[in-house]
Amino acid sequence: MGSKENGDGDVVLSSSLDFGRKNKYRRIVSVLVDDIDDALVNGEFGDGMNRTRRYVLACAIFASLNSVLLGYDIGVMSGAIIFIQEDLMITEVQEEVLVGCLSIVSLFGSLAGGRASDAIGRKWTMGLAAIIFQIGAIVMTMAPSFQILMVGRLLAGIGIGFGVMIAPVYIAEISPAVSRGSLTSFPEIFINLGILLGYVSNYAFSGLPAHISWRIMLGVGVIPSVFIGFALFIIPESPRWLVMQCRIDEARSVLLKTIDSEAEVDERLAEIKLAAGLSDAGKCEETATWQELLRPSPAVSRMLMVGIGIQCFQQITGIDALVYYSPEILKAAGIKDNAKLLGATVAVGMTKTGFILIAILLIDKVGRKPLLYVSTIGMTICLFTLGISLSLLSKGRGGVALSVLSVCGDVAFFSIGLGPVCWVLTSEIFPLKLRAQAVALGAVGNRVCSGMVAMSFLSLSSAISVAGSFFTFSVISVLAVAFVYVLVPETKGKTLEQIESLFQDKPDQDKVELGDTKQLVPSS
């Protein structure tokens, strides 16, 4: 496809693509080129497209604020636990339970979040998540004992469970196909931002007395909830959820704000109505969602295998062990001073946050699978190298440097692929009627694996050494590479409705190919 000037000096597009005997593609591309030419000549691109992009971007940012809560809790607990141990005199087992229980409890929030988001909507489920977490954070801040601290921790975990599954679903349902990958990665950005803020909070308040420092560290986590409450009055409801509630006019109104072409709005609305089971008579078909998930068709089985599998691999490759216990890991490498330990964790947080931005720029350009390959292979190398440095080079200056480099490398490769792409894939592969509760199941798998890693890492390290733990994670990471190669499809550039056909026994090839030809037109 190229460009040329017409007689009036206007720039129009031309096509030099040879599709051989596939004349349907010639017709499709010809129509697309004519439409683009008309749009350029008539000035239809520009302000309208920029306006819709800015609107969708704002919605994605506001919807991702809940993810800051999860990230902050992960980051802040890695440092706060040092002072909680000193103040409340808790045992190592209590430390593991306190750190890991949030992930286990959050699975109940994720399960309830799937049902709640279908009942009250995606937007208000995000509000409910923020309220529950805020209550839990306040209880933790005021806790006079380990038992009360656990009560607050459990409430915070339920709130995080709600938030961690609903944000990707909402963003995927409101985003256009061409930018859905990068926008759906926003929750992962905000998780990393929260982790970094948690590390900075640890460092900033570490000089206070032990009985005050950890309370302030945990209490600061309430602040993002205030912004979430403000966001609920700005962002719209998901148009796909509105269609499921037979609120077609409202859904069309939202689509007009997120898609610049009215013709494309009508096309997307028709696809969504079909996916939602909305008949021509305007009556929504009732579906037994959990029955379809518990007794899935072959296509849904493949979707569940990919969605739940990628969520589990995200955690069992050991990322939470690195994030939660980075001070202990670096202490095993030879760093003893608390201030230096917390300073090193800030470097880890900055690396994790910086590389997620690279993933955002690449995910809709190079695709999901290439990023997953780079991520899982890179993590395998870094985890194995960390095991080598901890077992053979520990205590020496070179061993410390290699350990810090390996930890930073692992979180960098995680952030460039497995971290964000996991949530993107899970939010886009399931059919509309199953999406919220299927994503909830994936989130449950994620949280269970996260809790298992967080609650067993110290015990596992005592049994086989810290180095042995990371050798184990490197083997699991090799399995993740194989999983991506065999089972994960490429979904770049396809609408949510088109992606369903990738898992069918007899895919609707023409429909998917039509979506692919749209990518031949360069975006302005």
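These numbers come from a predicted model, not from an experiment.

Parameters at a glance
- Residues numbered from 1 in each chain as written.
- Predicted model: local features only at pLDDT ≥ 70, side-chain atom pairs only at ≥ 80, totals over all residues.
- Heavy atoms only, no water.
- Helix = DSSP H or I, 4+ residues; strand = E, 2+ residues; numbered from the N terminus.
- Contact = heavy atoms within 4.5 Å.
- Salt bridge = Lys/Arg side-chain N within 4 Å of Asp/Glu carboxyl O.
- Buried < 20%, exposed > 50% of the residue type's maximum accessible area, 1.4 Å probe, protein only.
- Core = buried A, V, L, I, M, F, W, Y, C linked by side-chain atoms within 4.5 Å.
- Expected span 1.5 Å × (residues − 1).
- Phe/Tyr/Trp six-rings, centres within 6.5 Å; stacked < 30°, edge-to-face > 60°.
- Patch = residues over 30% accessible without salt bridge, like charges linked within 9 Å, V, L, I, M, F, W, Y side chains within 5 Å.
- Areas by Shrake-Rupley, 256 points an atom, 1.4 Å probe, with all protein chains shown as cover.

Participant: What is the right way to read the environment of Phe 186 from this model?
Facilitator: Mapped onto the elements, Phe 186 comes out in helix H8 (residues 186-205). Placed 19 residues apart in sequence, Phe 186 and Ala 167 show a C-alpha to C-alpha distance of 9.0 Å. Apart from residues no more than four positions distant in its own chain, Phe 186 is found in contact with Leu 57, Ala 60, Ile 61, Ser 64 and Ile 360.

Participant: Can you walk me through the pattern of salt bridges in this structure?
Facilitator: Side chains that carry opposite charge are capable of pairing whenever their charged atoms lie near each other. Counted under the stated rule, the structure contains twelve salt bridges. Linking Glu 173 and Arg 122 is a salt bridge whose minimum nitrogen-to-oxygen distance equals 2.9 Å. Of this pair, Glu 173 sits in helix H6 (residues 146-174) while Arg 122 sits in helix H5 (residues 122-142), placing them 51 residues apart in sequence. Residue Glu 262 is joined to Arg 252 by a salt bridge in which the shortest nitrogen-to-oxygen separation is 3.1 Å. Placement of the pair is Glu 262 in helix H13 (residues 262-275) and Arg 252 in helix H12 (residues 248-258), with a sequence separation of ten residues. The partly exposed category is assigned to Glu 262, whose relative accessible area is 49%. Looking at Arg 252, the relative accessible area reads 23%, which means it is partly exposed. Linked by salt bridges that have partners in common, Asp 118, Arg 122, Glu 173 and Arg 435 make up one network.

Participant: Would you mind showing me how to read the nonpolar core here?
Facilitator: General note: in soluble globular proteins, nonpolar side chains tend to be found buried as a group. The biggest cluster of nonpolar side chains holds 130 residues, and the ones touching the most others in it are Ile 84, Leu 98, Leu 149 and Phe 470. For this core, the leading source of residues is helix H21 (residues 432-487), giving 17 residues. In this structure, Leu 149 is in contact with Ile 84, Leu 88, Leu 98, Met 140, Ala 143, Trp 214 and Leu 218, ignoring residues within four places of it in sequence. Within the second largest apolar cluster, five residues are counted, among which are Leu 330, Leu 341, Ala 344 and Val 400.

Participant: What exactly am I supposed to notice about unusual backbone geometry here?
Facilitator: Across residues other than glycine, the phi torsion is negative in most instances, and most of the peptide bonds are trans. A positive phi angle is found at Met 89, which is not glycine, with a value near 55°. A relative accessible area of 64% places Met 89 in the exposed class. Backbone geometry places Cys 246, a non-glycine residue, at a positive phi of 65°. Assignment of secondary structure puts Cys 246 in the loop between helix H11 (239-244) and H12.

Participant: When you look at helix H15 (residues 298-316) in this model, what are you seeing that I'm missing?
Facilitator: Count 3.6 residues to each turn of an α-helix, and residues three or four apart come out pointing the same way. The end-to-end C-alpha distance of H15 is 26 Å, a good match for the 27 Å that 19 residues give at a rise of 1.5 Å each. Among the residues trailing H15, Gly 318 stands out with phi positive, at a value near 95°.

Participant: How should the packing of aromatic side chains be read in this particular structure?
Facilitator: Geometrically, a pair of aromatic rings is defined through the distance of the ring centres and the angle of the planes. The final tally for this structure, using the stated rule, is five aromatic pairs. With a centroid separation of 5.6 Å and an interplanar angle of 70°, the aromatic rings of Phe 470 and Phe 473 are classed as edge-to-face. Pair noted here: Phe 470 and Phe 473 are both in helix H21, with a separation of three residues, about one helical turn. An identical accessibility class is assigned to Phe 470 and Phe 473; each is buried. Through a chain of ring-to-ring contacts, the aromatic side chains of Phe 457, Phe 470 and Phe 473 assemble into a single cluster.

Participant: Can you help me understand a nonpolar patch on the surface in this one?
Facilitator: A contiguous nonpolar patch, built from Ile 120, Trp 124, Leu 128, Phe 230, Phe 233 and Ile 234 and spanning about 630 Å² of accessible area, is present on the exposed surface. Note that Phe 230 resides in helix H10 (residues 223-231).

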